[in-house]
Amino acid sequence: MLPFLEGEFGNPSSIHHVGRRARAFLDDARDRVARVFACKPSEVIFTSGGTESNNLAVLGVARRFRDKGRHIITSAVEHHAVIHPCEYLSKKEGFELTVLPVDGAGRVSPDALRKALRPDTVLVSVMAANNEIGTVQPVAELGAICRERGVVFHTDAAQWLGKEPFVDIHQFNADLVSVCAHKFHGPKGAGALFIRSPLLPDPILFGGGHENELRAGTENLPVVAGMTSAIELFLRTPVFNQETLAPLRERLRTAVGAVPGVTIRSPRNECLSNTVSFSVKGCDSIALLAGLDLEGVCASSGSACSAGSLEPSHVLKAIGCAADEANSLVRLSLGRESTVEEVQSVCSVLSVVIKRARGGEL
Ligand SMILES: Cc1ncc(COP(=O)(O)O)c(C=O)c1O
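Computed from a predicted model, the values in this text were never measured in an experiment. (Residues numbered from 1 in each chain as written. Predicted model: local features only at pLDDT ≥ 70, side-chain atom pairs only at ≥ 80, totals over all residues. Heavy atoms only, no water.)

### Concerning the sheet that holds strand S3 (residues 96-100)
Then, number 1: As summarised here, the arrangement of the 7 strands in space is S1-S7-S6-S5-S4-S2-S3, forming an open sheet in which the pairing is mixed. The strands lining the two open edges of the sheet, one partner per strand, are strand S1 (44-47) and S3. Across the sheet, the mean angle separating the axes of adjacent strands is 20 degrees when strand polarity is ignored.
Then, number 2: In this structure, strand S5 (residues 152-156) lies alongside strand S6 (residues 176-180), joined through 3 bridges in parallel fashion. From the neighbouring strand, His154 faces S6, where its bridge partner is Leu176.
Then, number 3: Contacts between helix H6 (residues 139-149) and the sheet are confined to strand S4 (121-125) and S5, with S5 contributing the most and set at about 160 degrees to the helix. (Pairing = 2+ DSSP bridges. Helix = DSSP H or I, 4+ residues; strand = E, 2+ residues; numbered from the N terminus. Axes fitted to C-alpha atoms, helices over the stretch in contact; angles between N-to-C directions. Contact = heavy atoms within 4.5 Å.)

As structure tokens, this is what we get:
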């Protein structure tokens, strides 16, 4: 990234030689991403992150096909960057929204999707892995059902990439795949959307003809450089190594699960190897997160984006938790630098933190 912060100030849209150098870099970055994805460079759109990729996919596809049908389908556990545009389409633009329920593990049933599809369905959006509890969805199966029925399928793979075994972008059987760089050690504010040709969603940003007329705005070269390297380094060989993380996760699950009143909410199987989420009876997330922070432990509640708000987790509600427990979600995430000692130290402070958050009672 550094050359683009220090000396390479060219704008890829400028005609002069400095601009042309920037354009050559941008074209090369797109080729490199396409090589990892095994797709055409024109099928890769650079965006500002997962939120924008999801908004472009949902709003862009629905609006593109609004004359064909006004029914869209999503799941109850999506990130708000999918749920909110879907709700917007339903409240403001005349679309009908079906929200698929999930089972106790947070998983969507392929049969439920089959039943929900209608002749006027124009889009299905189901995430590849959940950001709050780590559930991995059967996206390839869901995508195959949509393809059979001729319905566009989008998956938000923000949490999945860099953690699960990646072969190529086609393994999701999706027409659109959202990518978010900072989830796999890329820079923040960088993302991509894979759009399978010849699909062309309506743009949501208007202005110049950047990104194949799909996303107006001068390209952010430093973060494109960072994301491209992260994609090359960390997808095919996931940066979150499952073999290293699995024993650490097991230790965490065992220690956390042994504290009275704690219920582990991350499923044991088909779950991201770095995620252990749990709810705590008689506490709320904010007290728990603040208590953990005082002990030097950086934990999250639902999605980082809503940390600080006291909204109960919609994901916990969807898997059947009562409202008070949905308010007490804590998510611990392991990374490539996590050690056994760190896991042990979290385990040793957890019951004390919970006791304090409950006002002294364990
Ligand atoms: C599943 C999922 N989708 C989308 C996003 C949004 O990504 P960003 O905040 O980078 O726009 C996130 C980030 O937390 C996420 O976990």
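### Looking at the environment of Val102
Then, number 1: With respect to the element layout, Val102 can be found in the loop between S3 and helix H5 (110-116).
Then, number 2: Residue classification places Val102 among the buried positions, given a relative accessible area of 14%.
Then, number 3: Sequence-wise, Val102 and Asp120 are 18 residues apart; in three dimensions their C-alpha atoms are separated by 23 Å.
Then, number 4: Discounting chain neighbours no more than four positions away, the residues touching Val102 are Val77, Arg107, Val108, Ala318 and Ile319. (Buried < 20%, exposed > 50% of the residue type's maximum accessible area, 1.4 Å probe, protein only.)

### Here's the deal with the pattern of salt bridges
Then, number 1: With the rule as written, the count across this model stands at 19 salt bridges.
Then, number 2: Glu337 is paired through a salt bridge with Arg336; the nearest N and O atoms lie 3.4 Å apart.
Then, number 3: On the accessibility criterion, Glu337 (55% relative accessible area) is exposed.
Then, number 4: Each of Asp28, Arg32 and Glu232 takes part in salt bridges that share partners, so that together they form one network. (Salt bridge = Lys/Arg side-chain N within 4 Å of Asp/Glu carboxyl O.)

### Some points on the packing of helix H10 (residues 285-294) against helix H13 (residues 340-357)
Then, number 1: Running from amino to carboxyl end, H10 crosses H13 at an angle of 135 degrees, the nearest separation of the two axes being 9 Å. Taken together, the axes of H10 and H13 lie oblique to each other. Here H10 runs over H13; the crossing is right-handed. Here Ala287, Leu288, Gly291 and Leu292 of H10 lie close against H13, whose contacting residues are Val349, Leu350, Val353, Ile354 and Ala357.
Then, number 2: Partitioning the contact of H10 with H13 into residue classes produces 8 nonpolar, 1 polar and no charged. (Parallel < 35°, antiparallel > 145°, perpendicular 65-115°, else oblique. Left-handed = near helix turned anticlockwise from the far one by under 90°. Nonpolar A, V, L, I, M, F, W, Y, C, P; charged D, E, K, R; others polar.)

### Some points on helix H9 (residues 242-257)
Then, number 1: End to end, H9 covers 21 Å across 16 residues, agreeing with the expected 22 Å (1.5 Å per residue, within 8%).
Then, number 2: For H9, the full list of buried residues reads Leu245, Leu248, Arg249, Leu252, Arg253 and Val256. Relative to the axis of H9, the buried residues are bounded by an arc of 145 degrees and lie together on one face. Away from the buried face of H9 by more than 90 degrees, exposed residues Glu243 and Thr254 are located.
Then, number 3: On its buried face, H9 is in contact with strand S8 (262-264), strand S9 (275-280), strand S10 (329-333) and H13.
Then, number 4: Regarding H9, its N-cap is Asn241, as a side-chain oxygen of that residue lies 2.9 Å from the backbone nitrogen of Glu243 further along. (Expected span 1.5 Å × (residues − 1). Arc of directions from axis to C-beta. Polar contact = N/O pair within 3.5 Å; in protein donor to acceptor, adjacent residues only side chain to side chain.)

### A short note on the domain arrangement of the protein chain
Then, number 1: Along its sequence, the protein chain is organised into domain 1 (2-234) and domain 2 (242-357).
Then, number 2: Domain 1 and domain 2 are separated by 28 Å when their C-alpha centres are compared.
Then, number 3: Contact with domain 1, which involves 27 residues of that partner, is made by 24 residues of domain 2.
Then, number 4: Overall, the association of domain 1 and domain 2 removes approximately 1900 Å² of surface from exposure, summing both partners, and the carbon and sulfur fraction of that is 56%.
Then, number 5: Inspection of the domain 1/domain 2 interface yields 0 salt bridges. (Domains from an automatic or database assignment. Buried area = accessible area lost by both parts, 1.4 Å probe.)

### Points about the site of the ligand
Then, number 1: The local shell around the ligand holds 13 residues, among which Thr51, Asp156, Gln159, His182 and Lys183 are the closest.
Then, number 2: Contact between the ligand and Gly50: an oxygen atom at 3.3 Å from a main-chain N or O atom of the residue.
Then, number 3: In the model, an oxygen atom of the ligand is placed 2.8 Å from a nitrogen or oxygen of the Gln159 side chain.
Then, number 4: If the ligand stood free it would expose 390 Å²; the protein chains cover 88% of that surface.
Then, number 5: Its residues assigned to classes, the shell around the ligand comprises 3 nonpolar, 8 polar and 2 charged. (Near = heavy atom within 4 Å. Areas by Shrake-Rupley, 256 points an atom, 1.4 Å probe, with all protein chains shown as cover.)

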